[in-house]
Amino acid sequence: MTTLRQLRFLVALSDTLNFSRAAEICHVTQPTLSSGIKELEDHLGVPLAERSKQAVMMTPLGIEIVRRARAVLNDVADIAALAQEHAGQVRGDLRLGAIPTIGPFLVPRALPLLRQRWPDQHIFLREELTETLVDGLMAGRLDLILIALPHPTGAIATETLFEDGYQLATPMGHILAEDPAVTGAKLVNAKLLLLEKGHCLQRHALQAYRDMGAPASDAFAATSLPTLMSMVEEGLGITLLPQLAVDAGIARGHDLALTPLPGACPRRVVLAWRETSPHAARFREIAAIFRQARETMHSSAA
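To keep things clear, this report deals only with the structure shown in the data block. Bear in mind that the values here come from a model prediction, so they are computed numbers and not experimental data.

**Regarding the overall build of the chain**
Stage number 1. The secondary structure content of the chain amounts to eleven helices and twelve strands.
Stage number 2. Counting every position in the chain, which comprises 302 residues, the buried fraction comes to 46%.
Stage number 3. Taking the intrachain contacts of the chain between residues at least 6 apart in sequence as the baseline, contacts between residues at least 24 apart amount to 75%.
Stage number 4. If you average the places of the 29 positive and of the 32 negative side-chain charges in the chain, the two averages end up 4 Å apart.

This is how it looks when you write it as C-alpha cells:
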C-alpha cells in the first residue's frame, strides 16, 4: 500500500528535482529515497518522475499526485496538531509569512507579545510576495500569512487586522506637499513612483483614488520602500507610503515632506490561514495581538 513515507519522498523530489537534495530533506540516504519512490511507482503502476543523467522531471500525472500528496500530508500534520492543541501543548515552530510592506514594520512590534503568550513557540518569518505566500500556505510550507487585500486568495480563512491608509511622500517644497485636496489625477501627473509589478502595494496605490489612472511614466519601479524614498529625496518623483510604514519610522532620517491622504482608499491588512487548520482559535488570538501591536504603534507615532 502507499505509505506516508513514500509520499514525503515524492513531495521532496518534486520540490528539489534532485534525488540527493530530496534525500537530505527527508533525512535518509539517496538509495533509500530512490527505492521508496520506485516502490510507489510500482504500486501505482505508473511513472511519476522522468530520470536522466542531467535532470529529473515530474510527469504530468506525477505533478497531480504530488498536489494530492501535499494535501494528505497536511491533513496528517493537522491531526497531530489538533491533538496537541486540545492538550494545551503549544510547542514547535510557527512558520509565518508576510509581504515586505507589512512584515518588517508590524512583526517586530508583535514578537514580544507573542513570546510572552507562548514562550515555548518558535516563530520563523519569511518575507515573500503575496502570490508566493498564498501558494506556500496552501502547500503547507507556511502556517500563517500577513497580506493586504484586495487580492485573489482562494479558499483560505482571513481575519482583518486593520485598514492601512497612505501618506504622500514628496521632495521638500513640492507643489503637492501639504496639499489638502490631493486627487488621483494630481498624483499621476506628478511622476508617481511605485514598487515593481508583483508587489500588491503597486496595485493598491493605483486604486487609492477612483480617478487614478496609470502613471505618466513607468520608466522606474523600485523593489523596496526605502529605494522609493531615496528616489523621491533626489527629486525624481513622488510616492505613496503606507501609514503602517510611516508609523514605524521608515521616513526618519530622510529629507521628505509627508502629507496625510485621508481621502485615499486604504488597503486591508489581514492574517490568513488554511480553513482546515486545527489552530484557528490560537490564530485568532495571534490576530488580536497583531491588532494590539498596531494600535500601540499608532498611539506612539501620534
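**Section: the packing of helix H2 (residues 19-26) against helix H3 (residues 30-44)**
Stage number 1. Two elements in contact, H2 and H3, have axes whose closest approach is 8 Å; the angle formed by their N-to-C orientations is 100°. When the axes of H2 and H3 are compared, the pair comes out roughly perpendicular. Across from Phe19, Ser20, Ala22, Ala23 and Cys26 in H2, the residues of H3 making contact are Gln30, Leu33, Ser34 and Ile37.
Stage number 2. Looking at the contact of H2 with H3, its residues break down into six nonpolar, three polar and no charged.

**Examining the sheet that holds strand E7 (residues 166-171)**
Stage number 1. Taken in spatial order, the three strands make up an open sheet running E10-E7-E11, and their pairing is antiparallel. Each having just a single partner strand, strand E10 (239-242) and strand E11 (256-260) make up the two edges of the open sheet. Shown here is a sheet whose adjacent strand axes are inclined to one another by a mean of 35°, direction ignored.
Stage number 2. Relative to E10, E7 runs antiparallel, the two being bridged by four bridges. Bridged to tyrosine 166 within E10 is proline 242.
Stage number 3. Set on the sheet, helix H9 (residues 225-233) makes contact with E7, E10 and E11; between it and E10 the angle comes to about 140°.

**Side note on the nonpolar core**
Stage number 1. One finds Leu106, Leu146, Leu271 and Phe290 to be the most contacted residues of the largest nonpolar core, which totals 74 residues.
Stage number 2. Sorting elements by how many residues they give to this core places helix H11 (residues 280-301) first, with eight residues.
Stage number 3. Setting aside chain neighbours within four positions, we find leucine 146 in contact with Leu96, Gly97, Ala98, Ile99, Ile102, Leu106, Val107, Leu133, Leu161, Val270, Leu271 and Phe290.
Stage number 4. Leu7, Leu13, Cys26 and Ile65 belong to the second-largest nonpolar core, a separate cluster that totals 21 residues.

**Quick look at the side chain of arginine 294**
Stage number 1. With respect to the helices, strands and loops of the structure, arginine 294 is situated in helix H11.
Stage number 2. For arginine 294, a relative accessible area of 9% translates into the label buried.

**Digging into the packing of helix H1 (residues 4-16) against H3**
Stage number 1. Running from amino to carboxyl end, H1 crosses H3 at an angle of 110°, the nearest separation of the two axes being 9 Å. With respect to H3, the axis of H1 lies roughly perpendicular. Along its contact with H1, which presents Arg5, Gln6, Leu7, Phe9, Leu10 and Leu13, the element H3 presents Thr32, Leu33, Gly36, Ile37, Glu39 and Leu40.
Stage number 2. Of the residues in the contact of H1 with H3, the class split is seven nonpolar, three polar and two charged.

**Overview of the pairing of strand E5 (residues 144-149)**
In summary, the side chains of a regular strand alternate between the two faces of the sheet.
Stage number 1. For E5, a buried count of six out of six residues is recorded, marking the element as mostly surrounded by other parts of the structure.
Stage number 2. Neither face of E5 is exposed, since Leu144, Leu146 and Ala148 on one face and Ile145, Ile147 and Leu149 on the opposite face are all buried.

Conventions adopted
- Residues numbered from 1 in each chain as written.
- Predicted model: local features only at pLDDT ≥ 70, side-chain atom pairs only at ≥ 80, totals over all residues.
- Heavy atoms only, no water.
- Helix = DSSP H or I, 4+ residues; strand = E, 2+ residues; numbered from the N terminus.
- Buried < 20%, exposed > 50% of the residue type's maximum accessible area, 1.4 Å probe, protein only.
- Contact = heavy atoms within 4.5 Å.
- Lys, Arg positive; Asp, Glu negative; His and termini not counted.
- Charge placed at Lys NZ, Arg CZ, Asp CG, Glu CD.
- Axes fitted to C-alpha atoms, helices over the stretch in contact; angles between N-to-C directions.
- Parallel < 35°, antiparallel > 145°, perpendicular 65-115°, else oblique.
- Nonpolar A, V, L, I, M, F, W, Y, C, P; charged D, E, K, R; others polar.
- Pairing = 2+ DSSP bridges.
- Core = buried A, V, L, I, M, F, W, Y, C linked by side-chain atoms within 4.5 Å.

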